[in-house]
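# Structural features, examined
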Amino acid sequence: MDGSGYPLAFCVHSGNTSETQTMIPLEKKVVQNYSLSKFIVCTDAAMAIADNKIFNSAGEKHFVTTQPIKKLGAEYTKWALDPEGWRIYVHMSDIDTPEEKAEKEKEISMKTTYDLREIDEDKYRDAIFFKKTPFEQDIKDENGNKIHIDQMLYVTFLVKYKRFLEARREEHIKKAEAAIKRGDPIDNKNAHDYKRLI
């Protein structure tokens, strides 16, 4: 899509075509139709197969992929869940007052790191905390050749989202306890249902 939300191109595939196989043909069509060579592709983890990563690492192409922490592997999961070493994302805005700009510039220059166990959650309720680290990966292309891709891994933390998840879990616990007392049949469990706790 362009900046106004209008689609630039689309491809039609057979219904049994894997979604992961549709991204590169669409990108090639956009490149051909609009003479583009520099762009960033944003996907979820399901679309980030080896060939798509390799294709979007060449030339001026880049990619951003969201991925669950639990699928990062032991080393990176441990790093991501470590409460130490977090920084605050600072967004500079044209509508900031001089005082706000000064405070933000001070935060950026100090490069302060935070321990999430010690922050004032009310003060930082709307702040975006983040960490980043180089994320190196060797993947194989469709011919079995090993390709090394240098990536940057970011993790984020928001107090208000933590509180939302805590409140939802408490609600699910109450529903699970009530279901146990009533003797409800426990079937059709899923990852977002209170029944998963029983």
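First, a word on what this report is: a plain description of the structure on this page. Just so it is clear, the model here is predicted, and its values are computed rather than measured. (Residues numbered from 1 in each chain as written. Predicted model: local features only at pLDDT ≥ 70, side-chain atom pairs only at ≥ 80, totals over all residues. Heavy atoms only, no water.)

Moving on, we come to the sheet that holds strand β4 (residues 128-140). One open sheet holds the 3 strands; their spatial order is β3-β4-β5, and the pairing between them is antiparallel. Each of the sheet's edge strands pairs with one partner strand only, and the pair in question is β3 (87-88) and β5 (146-158). In the sheet, β4 pairs with β5 via 13 bridges, with the strands oriented antiparallel. In the strand pairing of β5, Ile128 is matched with Leu158. Running over the sheet, helix α3 (residues 74-81) touches β4 and β5 and is turned about 175° from β4. (Pairing = 2+ DSSP bridges. Helix = DSSP H or I, 4+ residues; strand = E, 2+ residues; numbered from the N terminus. Contact = heavy atoms within 4.5 Å. Axes fitted to C-alpha atoms, helices over the stretch in contact; angles between N-to-C directions.)

Summarising the element assignment, Thr77 is placed in helix α3. Separated by 3.1 Å, the side chain of Thr77 and the backbone oxygen of Ile69 make a polar contact. Every residue in contact with Thr77, bar those within four places of it in the chain, is listed here: Ile69 and Leu72. (Polar contact = N/O pair within 3.5 Å; in protein donor to acceptor, adjacent residues only side chain to side chain.)

So, on to the pattern of salt bridges. Following the criterion strictly, the structure yields 11 salt bridges and no others. Here Asp126 ties to Lys160 by a salt bridge, and the two come within 3.6 Å at their closest N and O atoms. Remark: Lys160 occurs in helix α5 (residues 159-182) and Asp126 occurs in the loop between α4 (98-110) and β4; sequence separation between them is 34 residues. By relative accessible area, which is 52% here, Asp126 ends up exposed. (Salt bridge = Lys/Arg side-chain N within 4 Å of Asp/Glu carboxyl O. Buried < 20%, exposed > 50% of the residue type's maximum accessible area, 1.4 Å probe, protein only.)

Here the focus is helix α1 (residues 23-34). For α1, spanning 12 residues, the distance from its first C-alpha to its last is 17 Å, which sits close to the expected 16 Å at 1.5 Å a residue. For α1, every residue scored as buried is listed here: Met23, Ile24, Glu27 and Val30. Projected down its long axis, α1 shows its buried positions confined to an angular sector of 120°, all on one face. Close packing links the buried residues of α1 with β1 (38-44), α2 (50-55) and β2 (60-66). Of the residues one or two after α1, Ser35 is the one with positive phi, at around 55°. (Expected span 1.5 Å × (residues − 1). Arc of directions from axis to C-beta.)

Before going further, it helps to spend a moment on the nonpolar core. Formed by 16 residues in total, the largest nonpolar core has its most connected members in Ile119, Tyr124 and Phe129. What Ile119 contacts, discounting residues up to four positions off in sequence, is Tyr114, Tyr124, Phe129 and Val159. (Core = buried A, V, L, I, M, F, W, Y, C linked by side-chain atoms within 4.5 Å.)

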